[in-house]
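Read off the chains here:
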There are 2 protein chains.
Amino acid sequence: MDAEEFRRFGHEVIDWIADYLANVRDYRILPKIAPGDLVKKLPASGPEQGEPMEAILRDFRGLILPASTHWNHPRFCGYFSITGSAEGVLAEALAAALNMNGMLWQSSPAGTELEQVTLDWLRQWLGLKPGWFGLILDTASVGALHAMAAAREAADPGARAGQTPLPLTVYASEQAHSSIEKAAVTAGIAQTHVRKIPVDAEFQMIPEELERVIERDAAEGLRPFFVAATAGTTSVASIDPIGPIGEIAARYGLWLHVDAAYGGSAAVAEEFRFVLDGVETAHSLVVSPQKWLFTPMDCSVFYTRRREVLRRAFTLAPEYLRTDEDSRAVNFMDYCLPLGRRFRALKLWFLMRRLGREGVAELIRNHVSWAKWLARQMKEDGRFEIVAPVRLSLVCFRYRGSDEQNRRLFKAVNDSGDVFLSHNVLNGRFVIRCAIGNAKTTKEDVETTWRRIREAAESLPARG
Amino acid sequence: MDAEEFRRFGHEVIDWIADYLANVRDYRILPKIAPGDLVKKLPASGPEQGEPMEAILRDFRGLILPASTHWNHPRFCGYFSITGSAEGVLAEALAAALNMNGMLWQSSPAGTELEQVTLDWLRQWLGLKPGWFGLILDTASVGALHAMAAAREAADPGARAGQTPLPLTVYASEQAHSSIEKAAVTAGIAQTHVRKIPVDAEFQMIPEELERVIERDAAEGLRPFFVAATAGTTSVASIDPIGPIGEIAARYGLWLHVDAAYGGSAAVAEEFRFVLDGVETAHSLVVSPQKWLFTPMDCSVFYTRRREVLRRAFTLAPEYLRTDEDSRAVNFMDYCLPLGRRFRALKLWFLMRRLGREGVAELIRNHVSWAKWLARQMKEDGRFEIVAPVRLSLVCFRYRGSDEQNRRLFKAVNDSGDVFLSHNVLNGRFVIRCAIGNAKTTKEDVETTWRRIREAAESLPARG
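Residues numbered from 1 in each chain as written. Chains lettered and ligands numbered in written order. Predicted model: local features only at pLDDT ≥ 70, side-chain atom pairs only at ≥ 80, totals over all residues.

**Q** What's the story with the overall build of chain A in this structure? I'm lost.
**A** Helix and strand counts for chain A come out as 16 helices and 12 strands. The globule rule puts the C-alpha radius of gyration for 464 residues at 23 Å, and the 24 Å found for chain A is close to it. Taken over the C-alpha atoms alone, chain A extends approximately 65 × 60 × 45 Å along its principal axes. Looking at chain A residue by residue over its 464 residues, the buried ones come to 60%. Intrachain contacts of chain A at a sequence separation of at least 6 include 73% that bridge at least 24 residues. (Helix = DSSP H or I, 4+ residues; strand = E, 2+ residues; numbered from the N terminus. Rg over C-alpha atoms; globule rule 2.2 N^0.38 Å. Buried ≥ 20, exposed ≤ 12 C-beta atoms within 10 Å, placed from the backbone. Contact = placed C-beta atoms within 7 Å.)

**Q** How do you make sense of the relation of the copies chain A and chain B when you look at a structure like this?
**A** Each of the two chain copies goes to the other by way of a rotation about an axis and a shift along it. For the pair chain A and chain B, the relating rotation is 180°, the translation along its axis is 0.0 Å, and the fit reaches an RMSD of 0.0 Å. In short, the pair behaves as if placed about a two-fold rotation axis. The rotation axis passes nearest to the C-alpha of Ala187 of chain A in chain A, at a distance of 2.1 Å. Most of the interface of chain A is mirrored in chain B, where 100% of its interface residues again form contacts. (Least-squares fit on C-alpha atoms with pLDDT ≥ 70 in both.)

**Q** Please explain the nonpolar core as it appears in this structure.
**A** Proteins that are soluble and globular tend to have nonpolar side chains buried together. Counting 349 residues, the largest nonpolar core has Leu94 and Val227 of chain A together with Leu94 and Val227 of chain B as the members making the most contacts within it. Those residues in contact with Leu94 of chain A, other than ones at most four positions away along the chain, are Leu346 of chain A together with Val13, Ile17 and Phe60 of chain B. (Core = buried A, V, L, I, M, F, W, Y, C linked by C-beta atoms within 7 Å.)

**Q** How do you make sense of the sheet that holds strand β9 (residues 384-386) of chain B when you look at a structure like this?
**A** All names here are of chain B. What the 5 strands build is an open sheet, ordered β1-β11-β12-β10-β9; its pairing is mixed. At either margin of the open sheet sits one strand with a lone partner, and together these are β1 (76-77) and β9. Pairing of β1 with strand β11 (residues 420-426) involves 2 bridges; the strand directions are parallel. Bridging from a neighbouring strand, Phe76 pairs with Phe420 of β11. Lying over the sheet, helix α15 (residues 403-415) contacts β10 (394-399), β11 and β12 (429-435), oriented at roughly 30° with respect to β12. (Pairing = 2+ DSSP bridges. Axes fitted to C-alpha atoms, helices over the stretch in contact; angles between N-to-C directions.)

**Q** I tried to follow the packing of helix α4 (residues 86-98) of chain B against helix α14 (residues 345-381) of chain B on my own but got confused; where do I start?
**A** When two helices pack together, you describe them by how their axes are tilted relative to each other and by the distance separating the axes. Residues and elements named next belong to chain B. Contact pair α4 / α14: the axes reach a minimum separation of 8 Å and the direction vectors enclose 150°. Where α4 crosses over α14, the handedness of that crossing is right-handed. Side by side, α4 and α14 meet where Glu87, Gly88, Leu90, Ala91, Glu92, Leu94 and Ala95 of the first sit next to Leu346, Lys347, Phe350, Leu351 and Arg354 of the second. (Left-handed = near helix turned anticlockwise from the far one by under 90°.)

**Q** Honestly, the interface of chain A and chain B in this entry has me stumped. Any pointers?
**A** One frequent convention defines the size of an interface as the accessible area lost when the parts assemble. Contact with chain A, which involves 113 residues of that partner, is made by 113 residues of chain B. In terms of residues, the side of chain A that touches chain B owes the most to one element, helix α1 (residues 3-23) of chain A, which gives 15 residues. Taken together, the residues of the side of chain A that touches chain B break down into 61 nonpolar, 33 polar and 19 charged. (Nonpolar A, V, L, I, M, F, W, Y, C, P; charged D, E, K, R; others polar.)

**Q** Teacher, can you tell me more about the pairing of β11 of chain B here?
**A** Consecutive side chains along a regular strand alternate between the two faces of the sheet. Residues and elements named next belong to chain B. Of the pairings in the sheet, the one linking β11 to β12 comprises 5 bridges and is antiparallel in character. Along β12, the bridge assignment pairs Ser422 with Arg433. Here β11 folds back onto β12 in antiparallel fashion, the turn holding 2 residues, of which Asn427 has a positive phi close to 50°.

**Q** For this particular structure, what's the right way to read the confidence of the model for chain A?
**A** Detailed conclusions should not be drawn from predicted coordinates in areas where pLDDT is low. Predicted confidence across chain A gives a mean pLDDT of 96, with 97% of residues reaching 70 or more. ipTM for the predicted complex: 0.97, alongside a pTM of 0.97. (pLDDT = per-residue confidence, 0-100.)

**Q** I would appreciate a short explanation of the sheet that holds strand β3 (residues 168-173) of chain A in the present structure.
**A** Across a sheet, strands are paired by hydrogen bonds formed along the backbone, either parallel or antiparallel in direction. Residues and elements named next belong to chain A. Here we have 7 strands laid out as an open sheet, ordered β2-β8-β7-β6-β5-β3-β4, and mixed in their pairing. The open sheet is flanked by β2 (133-137) and β4 (194-197), the only strands paired with a single partner. On average, adjacent strands in this sheet sit at an angle of 20° to one another, irrespective of strand direction. For β3 and β4, the ladder comprises 4 bridges, and the chain directions are parallel. Its bridge partner lying in β4, Ser173 is registered against Ile197. Packed onto the sheet, helix α10 (residues 242-252) meets β5 (223-230) and β6 (255-259) and runs at close to 170° relative to β5.

**Q** Teacher, can you tell me more about the packing of helix α14 (residues 345-381) of chain A against helix α16 (residues 443-458) of chain A here?
**A** Residue and element names in this part refer to chain A. At a closest axis distance of 10 Å, the pairing of α14 and α16 adopts a crossing angle of 25°. Comparing their axes, α16 and α14 come out roughly parallel. Once α14 is placed against α16, the crossing between them reads as right-handed. Across the interface between the two elements, Trp370, Trp373, Leu374 and Gln377 of α14 pack against Lys443, Val446 and Trp450 of α16. Here the contact of α14 with α16 is built from residues that sort into 5 nonpolar, 1 polar and 1 charged. (Parallel < 35°, antiparallel > 145°, perpendicular 65-115°, else oblique.)

**Q** Whenever I open this one, the environment of Val89 of chain A confuses me. Can you help?
**A** The topology assignment puts Val89 of chain A in helix α4 (residues 86-98). On the basis of neighbour counts, which here come to 32 C-beta atoms within 10 Å, the residue Val89 of chain A falls in the buried class. In sequence terms Val89 of chain A and Ile189 of chain A are 100 residues apart; their C-alpha atoms lie 39 Å from each other. Among residues more than four places away in sequence, those in contact with Val89 of chain A are Ile17, Gly84 and Pro296 of chain A together with Ala93, Ala96 and Ala97 of chain B.

**Q** Mind showing me how you'd approach the pairing of β3 of chain A here?
**A** Residues and elements named next belong to chain A. Of all the 6 residues making up β3, 6 are buried; the element is thus mostly covered by neighbouring parts of the structure. With burial as the criterion, each face of β3 is covered, one bearing Leu168, Val170 and Ala172 and the other bearing Thr169, Tyr171 and Ser173. For the segment spanning β3, helix α8 (residues 178-186) and β4, crossover handedness is right-handed. (Right-handed = clockwise from strand over helix to strand, strands pointing away.)

**Q** Would you mind showing me how to read unusual backbone geometry here?
**A** Residue and element names in this part refer to chain A. For the bond running from Met297 to Asp298, omega is -5°, close enough to zero to count as cis. Here Asp298 shows up in the loop between α11 (289-292) and β8 (300-304). Positive phi values are uncommon outside glycine, yet Phe294 reaches one of about 70°.

**Q** I keep staring at the environment of Leu256 of chain B and nothing clicks. Help me out?
**A** All names here are of chain B. As for its placement among the helices and strands, Leu256 is situated in strand β6 (residues 255-259). Once the C-alpha coordinates of Leu256 and Ala229 are considered, the two residues, 27 residues apart in sequence, prove to be 7.3 Å apart. Sequence-distant contacts of Leu256, defined by excluding residues within four places in its chain, comprise Val227, Ala229, Ile245, Gly246, Ala249, Thr281, Ala282 and His283.

**Q** In this structure, what is going on with α16 of chain A? I would like to understand it.
**A** A turn of α-helix holds 3.6 residues, and therefore any two residues three or four places apart point the same way. Residues and elements named next belong to chain A. For α16, spanning 16 residues, the distance from its first C-alpha to its last is 23 Å, which sits close to the expected 22 Å at 1.5 Å a residue. Residues of α16 that are buried include every one of Asp445, Val446, Thr449, Ile453, Ala456 and Ala457, and no others. Buried residues of α16, seen end-on, are gathered within an arc of 120° and therefore sit on one face of the element. α16 presents Lys443, Glu444, Arg451 and Glu458 as exposed residues on the side facing more than 90 degrees away from its buried surface. Where α16 is buried, its residues touch β1 (76-77), α14, β10 (394-399), α15 (403-415) and β12 (429-435). (Expected span 1.5 Å × (residues − 1). Arc of directions from axis to C-beta.)

**Q** In this structure, what is going on with the environment of Ser179 of chain A? I would like to understand it.
**A** Within the secondary structure, Ser179 of chain A is located in helix α8. Ser179 of chain A gets classed as buried once you count the C-beta atoms within 10 Å, which come to 27. Considered as a pair, Ser179 of chain A and Val142 of chain A are 37 residues apart in the sequence and their alpha carbons are 8.3 Å apart. Excluding residues within four positions of it along the chain, Ser179 of chain A makes contact with Ala140, Ser141 and Ala144 of chain A together with Leu339 of chain B.

Put into structure tokens, the structure is as follows:
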């Protein structure tokens with residue numbers, strides 16, 4: 001494609017995106033299609049000869065869009081709602097054009113240093129003390145794996161040298177994200193050695209239970225080495241008591257990892273700094289700007305206060321081969337598994353500059369206040385119960401009725417195409433989740449969501 | 001940013017990219033900066049208030065660009081040269097705007113099914129038989145980890161259930177990429193259990209040596225479980241004999257992983273299908289379109305013929321909880337570590353359609369023929385030696401002189417800013433690598449590269 005062709009189709013794509021971002025509410029959030037529908041519409045083999053851009057963009061609009069779930073719709077309230085922000089879109093286009101690989105400082109000085117700078121800005125915005133070393137990974141799941149690899153390097157360096165590995169055990173709350181368990185299994189920790197610690201009535205890990213299980217495991221000759229606390233669980237946005245967990249971790253020699261993929265961003269607003277209370281006792285921390293800091297996927301920040309341990313876990317060069325280059329420039333490849341590292345810092349930089357700290361804080365404040373508003377409406381309505389405290393921007397609720405009625409209500413809302421909620425099972429009961437977090441969401445969107453929920457409740461058959 | 005603002009700045013960004021892609025040869029490939037230079041120019045803290053897009057784009061041009069290594073320059077011949085193609089740039093902008101997360105079929109039917117379709121197209125283009133299940137990961141390093149996790153699931157399922165893990169051993173050639181060893185360490189395999197198998201004069205793994213080491217390890221009570229063959233090593237683009245290695249793997253019960261991150265793409269042209277000869281004996285395969293298939297980073301395809309084993313390695317749900325949904329729709333989260341999965345298939349689809357199989361094959365043919373041309377010039381010149389057979393698009397050479405002279409020549413070429421080469425150490429000697437692979441590279445670019453190399457040779461002080 002020559003420059004003129006790129007210019008022409010580039011402008012067409014930009015105009016389409018401008019319209020899409022402005023009119024995304026016109027799309028059904030969940031498309032009306034069945035598995036295989038798109039496959040059937042696409043050729044069974046790729047083309048022998050190249051095709052014109054017109055045909056490709058026509059099929060993008062005619063085939064891909066109708067099969068898309070619109071995560072960027074301001075009433076997408078499932079899982080956690082995220083944002084493909086306009087700033088982020090422009091940054092991603094630029095990053096793709098530069099196409100730099102930030103494995104070494106030399107291979108991408110701009111990528112390497114902008115990553116250092118933006119992550120230090122973010123550290124300050126989160127209220128973290130100096131001393132946290134950060135890098136950007138694709139997901140919090142991969143971040144959890146990096147935390148675990150570093151923790152093992154600290155706890156059992158002999159295993160790497162071929163000694164019989166210690167029987168390591170991992171701790172996280174019953175409500176922790178499955179990525180912790182998945183990271184453990186991937187790292188070669190026995191799945192049966194991942195302990196799910198009970199939670200209190202507000203779904204927060206009970207430190208005394210953690211301590212009890214650690215002591216039992218240690219007495220049985222196992223080696224407790226890793227505990228994950230969550231600041232904003234996926235299930236109910238509960239916040240584990242990081243400080244007390246950190247004290248126990250310190251007492252028994254465990255690495256404390258804080259999974260704040262969703263909740264961490266709230267700390268940008270001073271009044272929500274409590275989500276990271278106690279984080280100074282942690283060894284690693286994940287905060288994902290792709291979740292609630294309005295950057296497009298993928299962008300998950302991994303911080304650690306044990307930079308040297310992380311490096312030991314991921315550098316293959318023996319110590320005596322190290323040069324002093326690391327003190328002059330960071331080579332991020334020495335701190336992570338992926339060698340290829342695309343220029344993800346660019347979109348974070350665009351976003352942080354375009355919104356400023358106050359702009360981010362205002363969005364977060366709005367989201368939390370609207371979530372609390374929605375929860376209040378539900379309580380006042382009388383037909384709904386709120387099943388977990390609404391501390392951030394997630395409302396977990398039930399219609400006061402059977403699981404079957406809740407499932408029907410849930411399906412009716414999602415079938416409208418106008419609002420998307422997700423679900424969970426909590427204490428054996430079906431629970432509906434409404435997550436607010438898209439940068440374009442307005443109070444009116446939340447009111448529409450509430451109206452759809454009420455309409456769905458009204459259309460339920462009599463309680464049976 | 002509202003629609004009009006996005007349109008305005010979007011058009012500006014597209015125009016800038018159009019000029020950049022057309023004029024990238026005007027940039028120095030390696031910027032003239034020292035570590036910390038960019039950090040010093042950026043504020044120590046992020047802004048409190050949001051800033052206008054004008055300021056951000058001005059700083060992108062004024063601060064980020066001068067600190068950038070230009071991987072998209074057609075004479076970037078270091079590592080492996082890659083391409084931020086125009087088609088890929090447009091697809092990345094669209095993917096960021098849709099911002100869908102392809103963890104489940106429902107969460108992204110278009111993302112899920114387009115990934116299935118493009119990877120089946122690619123399978124056919126590579127000449128692979130049906131039966132390979134593919135998914136897109138960010139890098140070949142993460143692909144190697146997935147291969148190893150699946151291989152362990154096959155070899156030692158008891159470890160996951162808390163039984164004492166078997167003393168697993170891994171095999172790869174001396175020339176294999178460090179990502180294999182890194183994946184092993186990350187997966188919890190002892191680093192001392194990663195065997196580097198000797199290579200022949202053409203840097204290909206010697207199957208008899210592999211067998212000898214496997215037998216020795218097995219006799220010592222270790223459990224050989226994983227062997228990686230490379231089709232296009234990073235060091236010299238050598239191609240391990242996959243078929244003979246696969247026979248040994250089958251005989252001793254090892255998982256065979258083929259790392260064809262770079263070389264695999266060559267198989268799109270029939271005359272280079274030999275790079276994957278014997279791949280039908282493999283259990284998993286990585287081919288990275290971000291390397292030599294002209295998609296922007298990141299896009300690395302992981303294929304396996306053992307789909308069920310991969311799923312067992314990465315699904316947490318116990319078998320008795322499985323529904324038959326998997327037979328109706330793929331939920332990619334069940335097959336990999338990352339939960340968040342951005343819409344990477346879109347750029348691969350754009351690229352495959354825009355170029356067609358013949359378009360891709362023609363680029364690859366050109367690159368290989370130009371690499372062979374360059375090697376011929378060097379041989380005829382007499383002052384250079386070619387240190388490894390040029391089968392694909394990488395030329396590894398030395399100036400016939402001391403290591404010091406080679407280092408000087410290398411530095412002179414890279415300091416020109418006009419050509420970028422990388423280096424390696426082979427059999428204890430400093431070796432220079434020239435990798436051809438950017439879609440915009442022309443024969444003239446290769447001629448310029450050759451001229452710069454000769455000029456650098458001529459400027460060397462007399463041999464000492």
